[in-house]
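Residue-level listing of the chains:
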Amino acid sequence: MDPLPNPAPLASKLRNTLVRYHSIGDGEWRLAKKTVSALRSFAVRAPQESVGHRYKAQGVVEDVTNRIVAHIRPGPYRLDWDSLMTSMDIMETFEENCCVMRYTTAGQLWNIIAPREFVDFSYTTSYEDGLLTCGISLDYGEVRPNFVRGFNHPCGWFCIPLKDSPGHSLLTGYIQTELRGMLPQSAVDTAMSSTLVNFYSDLKKALKTDKQ
């Protein structure tokens, strides 16, 4: 188990990596799934990396940036609405916008993909007129029984207000997860596409419910 890293340089490197992903044009992504709810989901294999795919998901969410990010980042809301997440613990807090969290996910595809556990460094910061909340997995803490420890490469969500549509935000996510275990890539692709679509759907329902 590695010691906890210095949070400041890790946060800066993580932010720079996500900004680089965000600068890649749509033409460099392969369309993997498109839904009728203004969600576009993409996938790409990064040529310099050997593990899995990096996924991009993008959609318009009817709410202001701060509320959307408050529901996504580690905190009191996420576990209430995210249907994939089964538990979440804050293991270390460096400052208000920076922590280490451990969370578990449910089995997927009739449990072909067994429950997973992740330990992530999480960082939330400003980006242009909106916010970026991002994370990366750490080798920290003991693995819980009955779980496979997965690994998240740099991941994050950009949430930018739409100037032409007040009260709406463009939410763009970049996900590259190494589930580990003996899994065919086709099963991982199917699970990730469904997970990202459900993420937006669950999030939109939660935001609407919390307003009532």
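In case you missed it, the structure is sitting above this.
Because the structure is predicted, anything quoted here is derived from the model rather than measured.

### Some points on the overall build of the chain
Scanning the chain from terminus to terminus reveals four helices and 12 strands. Counting the 212 residues in the chain, one finds 48% classified as buried. As displayed, the chain offers around 10,800 Å² of accessible surface, 53% of which is attributable to carbon and sulfur atoms.

### So, the pattern of salt bridges
Here the structure, examined in full by the defined rule, presents six salt bridges. Note that glutamate 117 and arginine 144 form a salt bridge whose closest N and O atoms lie 3.6 Å from each other. Of this pair, glutamate 117 sits in strand β6 (residues 116–127) while arginine 144 sits in the loop between β7 (130–137) and β8 (148–149), and the two are 27 residues apart along the sequence. Taking the relative accessible area as the measure of exposure, arginine 144 reaches 23% and is therefore partly exposed. Here arginine 149 ties to glutamate 117 by a salt bridge, and the two come within 2.8 Å at their closest N and O atoms. Of the two residues, arginine 149 is situated in strand β8 and glutamate 117 in strand β6; the sequence distance between them amounts to 32 residues. Judged by its relative accessible area of 12%, arginine 149 falls in the buried class. Bridged by salt links that share partners, the residues Asp89, Glu117, Arg144 and Arg149 form one connected network.

### Some thoughts on the layout of surface pockets
By volume, the largest pocket is sized at about 760 Å³. Around the largest pocket, the lining comprises 40 residues; the ones closest to its centre are Arg78, Asp82, Leu84, Tyr103 and Ile175. Sorting the residues of the lining of the largest pocket by element identifies β4 (85–95), β5 (98–105), β6, β7, β10 (155–161) and α4 (185–211) as the ones contributing at least two each. By residue number, the principal contributor to the lining of the largest pocket is α4, which donates eight residues. Here the residues of the lining of the largest pocket are counted per class, giving 21 nonpolar, 13 polar and six charged.

### Some thoughts on unusual backbone geometry
The bulk of non-glycine residues show a negative phi, and the bulk of peptide bonds are trans. Look at glutamate 128: it is not a glycine, yet its phi comes out positive at around 50 degrees. Within the secondary structure, glutamate 128 is located in the loop between β6 and β7. Overall, the relative accessible area of 62% leaves glutamate 128 in the exposed class. At asparagine 146, a residue that is not glycine, the phi angle is positive and equals roughly 70 degrees. Mapped onto the elements, asparagine 146 comes out in the loop between β7 and β8.

### Remarks on the pairing of β7
Counting buried residues along β7, eight of its eight residues qualify, which places the element largely inside the surrounding structure. The turn joining β6 and β7, which pair antiparallel and follow one another in sequence, is formed by two residues; a positive phi near 50 degrees is taken by glutamate 128. Two strands pair when backbone bridges link them, and β7 and β10 are joined in this way by five bridges, in the antiparallel orientation. If you follow leucine 132 over to β10, its bridge partner there is phenylalanine 158.

### Digging into the side chain of glutamine 176
Take glutamine 176: it is sitting in the loop between β11 (169–175) and β12 (177–178). Engagement of the side chain of glutamine 176 in a polar contact is seen with the side chain of arginine 54, the distance being 3.3 Å.

### Description of the environment of aspartate 202
Secondary-structure assignment places aspartate 202 in helix α4. In this structure aspartate 202 comes out as buried when scored by relative accessible area, which is 16%. Aspartate 202 sits 120 residues away from aspartate 82 along the chain, and the two C-alpha atoms are 6.3 Å apart. Not counting residues up to four positions away in its chain, the partners in contact with aspartate 202 are Trp81, Asp82 and Ser83.

Definitions and limits used
- Once a new chain begins, its residue numbering starts again from 1 and follows that chain's sequence as written.
- Owing to the predicted nature of the model, reporting of local features is limited to residues with pLDDT of at least 70; listing and counting of side-chain atom pairs is limited to 80 or more, with chain, interface and lining totals taken over all residues.
- Remark: hydrogens and water are excluded; side-chain values derive from all non-hydrogen atoms of the structure.
- Put simply, DSSP marks the helices as runs of H or I at least four residues long and the strands as runs of E at least two long, and each gets a number from the N terminus on.
- Only protein chains enter the accessibility calculation, which uses a 1.4 Å probe. A residue is then buried if its area is under 20% of the maximum for its type, exposed if over 50%, and partly exposed in between.
- Per-residue accessibility takes into account occlusion by the displayed protein chains alone, with areas from the Shrake-Rupley method and a 1.4 Å probe.
- What counts as a salt bridge is simple: a side-chain nitrogen of Lys or Arg found within 4 Å of a carboxyl oxygen of Asp or Glu.
- Lining residues are defined by having an atom within 4 Å of a point belonging to a cavity or pocket. Those points lie on a 1 Å grid over the protein atoms alone, cavities being sets where a 1.4 Å probe fits but cannot get out and pockets being open sets with protein on both sides within 12 Å along at least five of seven lines.
- Grid points are joined across faces, edges and corners, and a volume is the space filled by probe spheres set on the points.
- Basically, the charged four are Asp, Glu, Lys and Arg, the nonpolar ten are Ala, Val, Leu, Ile, Met, Phe, Trp, Tyr, Cys and Pro, and anything else, Gly included, counts as polar.
- For two strands to count as paired, DSSP must find a minimum of two bridges between them.
- Here a polar contact is taken to be a pair of N or O atoms separated by no more than 3.5 Å, where protein atoms must pair a possible hydrogen donor with a possible acceptor and residues adjacent in sequence count only if both atoms sit in side chains.
- Contacts: residue pairs with any heavy atoms within 4.5 Å of one another.

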